[in-house]
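Residue-level listing of the chains:
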Amino acid sequence: MAPFHSKSEALHPVLAATGARVLLSGNDAIARGAWEAGVRLAAAYPGTPSTEILETLSLLPDVYAEWSVNEKVAMEVAIGASLAGARALCSMKHVGMNVASDALMTITVAGVAGGLVIAIADDVGVSSSQNEQDSRFWGRFAHVPVLEPADPQEAMEMAKFAFELSETHATPVILRVTTRVCHVKAPVTVGARIERETAGFQRDPGRWILSPINARRQLPLQAGREQRLAAVAEASPLNFATAGSDRRLGIVTSGAAYLHVRECFPDLPVLKLGLSHPVPLGLVSRFAAGVDELLVVEETEPFVEQAIRAAGIAARGKDVLPRTGELTPDVLRPLVAPLLGESAPPLPPYPAGETFPRPPTLCAACPHSGIYYVLARLRKKVLISGDIGCYALGAGPPWYALDTVVAMGSSMGIALGLDKARGDADRSKAIIAVIGDSTFLHMGMQGLLNIVYQRGNITVIILDNRTTAMTGGQDHAGSGRGMHGEEAPRIDFPRLVAALGVRPERIRVVDPYQLPVLAKTVREETEFAEPSVVIAQRPCVLSDFYQATPPFRVVDEDCTGCSNCFNVGCPAIHLARSAQKTLATGTITELQFAVIDSIACTGCGLCARACGPKAIVATAPADGAAAGMAAAGRC
Amino acid sequence: MLMSPALNVFLCGVGGQGVMTAAELIAQAAVAHGFDCKKSEIAGISQRGGVVTSHVRFGPKVLSAVITPGSADLLLAFELAEALRAANYLKRGGIALVNVLRLPPPVVSMGLYRYPEQPLVELRAAGICVHEIDAGGIARELHDLRLVNTVMLGAAAGFLPFPAEELESLVVGRFAVRKPALVAANRRAFAAGRMAAGRMRAEG
């Protein structure tokens, strides 16, 4: 597996000169558009499919970019920059907007000074998230306009326009994108940056101090602003109709769905909404008058559809189309065909061949494998509350070592609830919360503080791999590096946990590769009826903090086929051969002999420690941890 | 129903194999040649050793970024079982270029599932035009297993509607910036892939 990229490696196409036509992703294009608009500050917390917006923006000059500790802080940093009179961007995935919403819902009362654009990336189809959300509702909720680009070129142009709109109407603007915009690459013609002076903070306590009296006074301004924005939407070139020869059905659509519609139904009239909130109802009404029937094609909720129908315009929509997932051509064609009196298109000529599932796995030498190997062994005696990150894969084979995964940082609150409300069935169980370093800093600290304050009987395992791994290895307050790879203050996890009130005796720092010590430590800590924290420290194998050591190999004549090494869950361990053995009792057991892929193995030694007959050995003398490991016994 | 006049290249493989990079290079070559192009994939968690697919569409004008089942002109499979999994994406008469590498995942190693015995036989029995390539074997002959993807791209080049040299210069150009020492090796790998594909086409 390729390690996380190093930013200095190559010249990114986003740096192309004015007028160049380059292949950019939607996320790259948003970064370029914001930069061209003169953005001064950008803040985000990584999250698929939004991550590359900030990553790419950080490559461009004259912009302050930061990975904030969470989305709410990112939003607040961006609001602060706007109040300073600068153009500011914050970006996040859909669930990040839930975290950031408190700040948005209040600043929208006062409005903004410098342009403030919030790029929200919805994971339509749930490829890398815990739920699916339609972030356009935040526009309606917070009374702010929503822009929806369909492809990278539009993403760049709308990012630029969003700042104009924001400043003209003193409102935050939501740039709503979906995976099929963020991660599509297409040729984009880039423009020049417009340098803007930062106006400076204008003291205005009646506006910026949102006390009840100031908030009450300013509330009506939101309604007035929304009315003006409705007029903007009616006249905006971002909302346009394409004529079609077949007027039996007219389609109202937005975002990537627009392109799927045009692909499938080139003859149908289409009204594309690039500025989809406020919905331009006059425009829709006129469009509807020119067709026999109206169909709204939108991902994912009936957001535009409900506004249209509430205005008394008849429309089909989610009665025909699914309200989850992408509306790709293969979804649209068979569902829309009946409305046109056509039969469904033929099935693909060749079937997909039957094969095994290939779920994502932890990497070879992933330090989380050690943790889950141990937790799997405690399985019957513990409840395990998990969190968001690569380590959510611990729920799958071979470990099956997680019971819940909900939201960023929720492992600890849920663990405490499981503890405080436990019934007799769970009385004897230990409760463990598992959380990564970046997630702990994002939203986990408060949960642990609460566990301490409420005297919860919980063991928290912090998986400190010194990076935000799942999203591609971004730095954070615990990695010791800033956005550009420069040295930065590094939070000390044991001291942080102690400051949150965990007794020093109950804070244990372990090496997740050292299986016997790890297992003993976790077992011991679960036996204390008070908050305890095990901090497992080892760098992510894809980070540049990781140093590979020579691979291990299986000595075939020593391998007994016990298959225990497979329980580590390392993708470098493969089945060499299997055999059957009849035990003295007459039962037949399956023997599975292992072989290690020497190219994939990076020598962590976890399998060697899980191997009873000591049939797994280093291929070369290694230094440091790996050598110590080879010498140690079985877990 | 009219289709947008685009050529559809569907790439598949396993997280970590470099499928997305290969797709990116084909897309870059298409754009450099003057085509409109969209390249798309759903990445995220699938990178962790899961299935990776990438859609590259190019032509005078490309609308949707998605290749739908039954519409791929070329299936570029970096792994055998993944070719089988993605076979439904091929249009009738489409071509599958398949690396014969087998990468059994842990669920197969643990004995929970079996790896298909004869994926190529299955694909051909379905009526698919299959070109097989031992990209790993060719890379080994060149003494560097990291050259597998360049071999694959060399093999794919002959099926694409622009001169192979245009793709080659992009592949090699990546190394010219970062690792000039690898330029010559990648040139050889690209040429070896092209030759292998040329032989297959002559035979098949």
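Residues numbered from 1 in each chain as written. Chains lettered and ligands numbered in written order. Predicted model: local features only at pLDDT ≥ 70, side-chain atom pairs only at ≥ 80, totals over all residues.

Regarding the confidence of the model for chain A
- On average, chain A scores 94 in pLDDT, and the residues at 70 or more come to 96%.
- Every residue in residues 5-9 of chain A scores below 50 in pLDDT, and together they form four contacts with partners more than four places removed in sequence or on other chains. (pLDDT = per-residue confidence, 0-100. Contact = placed C-beta atoms within 7 Å.)

Details of the nonpolar core
- Residues Ala78 and Leu175 of chain A together with Leu75 of chain B are the most contacted members of the largest nonpolar core, which totals 260 residues.
- Among residues more than four places away in sequence, those in contact with Leu175 of chain A are Ile30, Val117, Ile118, Ala119, Leu147, Met158, Ala159 and Ala162 of chain A. (Core = buried A, V, L, I, M, F, W, Y, C linked by C-beta atoms within 7 Å. Buried ≥ 20, exposed ≤ 12 C-beta atoms within 10 Å, placed from the backbone.)

Thoughts on the packing of helix α1 (residues 26-36) of chain A against helix α6 (residues 152-168) of chain A
Residues and elements named next belong to chain A.
- Taken N-terminus to C-terminus, the directions of α1 and α6 make an angle of 30°; their axes are 7 Å apart at the nearest point. Our classification of the angle between α1 and α6 gives roughly parallel. Taken as a pair, α1 and α6 cross one another with a handedness that is right-handed. Together, Gly26, Ala29, Ile30, Arg32, Gly33, Ala34 and Glu36 of α1 and Pro152, Gln153, Ala155, Met156, Glu157, Ala159 and Lys160 of α6 make up the contact between the two elements.
- Per-class residue counts for the contact of α1 with α6 are seven nonpolar, three polar and four charged. (Axes fitted to C-alpha atoms, helices over the stretch in contact; angles between N-to-C directions. Helix = DSSP H or I, 4+ residues; strand = E, 2+ residues; numbered from the N terminus. Parallel < 35°, antiparallel > 145°, perpendicular 65-115°, else oblique. Left-handed = near helix turned anticlockwise from the far one by under 90°. Nonpolar A, V, L, I, M, F, W, Y, C, P; charged D, E, K, R; others polar.)

Here's the deal with the interface of chain A and chain B
- Residue-level contacts link 54 residues of chain A with 63 residues of chain B.
- Contributions of two or more residues to the side of chain A that touches chain B are made by α7 (179-182), β8 (184-189), α10 (256-264), α13 (329-336) and β20 (573-582) of chain A.
- In terms of residue count, the dominant contributor to the side of chain A that touches chain B is α10 of chain A (five residues).
- Broken down by class, the residue content of the side of chain A that touches chain B amounts to 32 nonpolar, 15 polar and seven charged.
- In this structure, β8 of chain A lies alongside strand β2 (residues 36-40) of chain B, joined through two bridges in antiparallel fashion. Each bridged residue has a counterpart across the sheet, and for Lys185 of chain A the counterpart in β2 of chain B is Lys39 of chain B. (Pairing = 2+ DSSP bridges.)

Overview of the sheet that holds β2 of chain B
- Pairing within the open sheet is mixed, and its eight strands lie in the order β1(A)-β8(A)-β2(B)-β3(B)-β1(B)-β4(B)-β5(B)-β6(B). Sheet topology places β1 (21-25) of chain A together with β6 (129-133) of chain B at the edges, where each strand pairs with a single neighbour. Adjacent strand axes in the sheet meet at a mean angle of 20°, parallel and antiparallel pairs treated alike.
- Note that strand β5 (residues 90-99) of chain B and β6 of chain B share five bridges and pair parallel. Looking across to β6 of chain B, one finds that Ile95 of chain B is bridged to Cys129 of chain B.
- Its contacts with the sheet put α1 of chain A on β1 and β8 of chain A, and the angle it makes with β1 of chain A is roughly 115°.
- Running over the sheet, helix α1 (residues 19-32) of chain B touches β1 and β8 of chain A together with β1 (7-14), β2 and β3 (51-59) of chain B and is turned about 5° from β3 of chain B.

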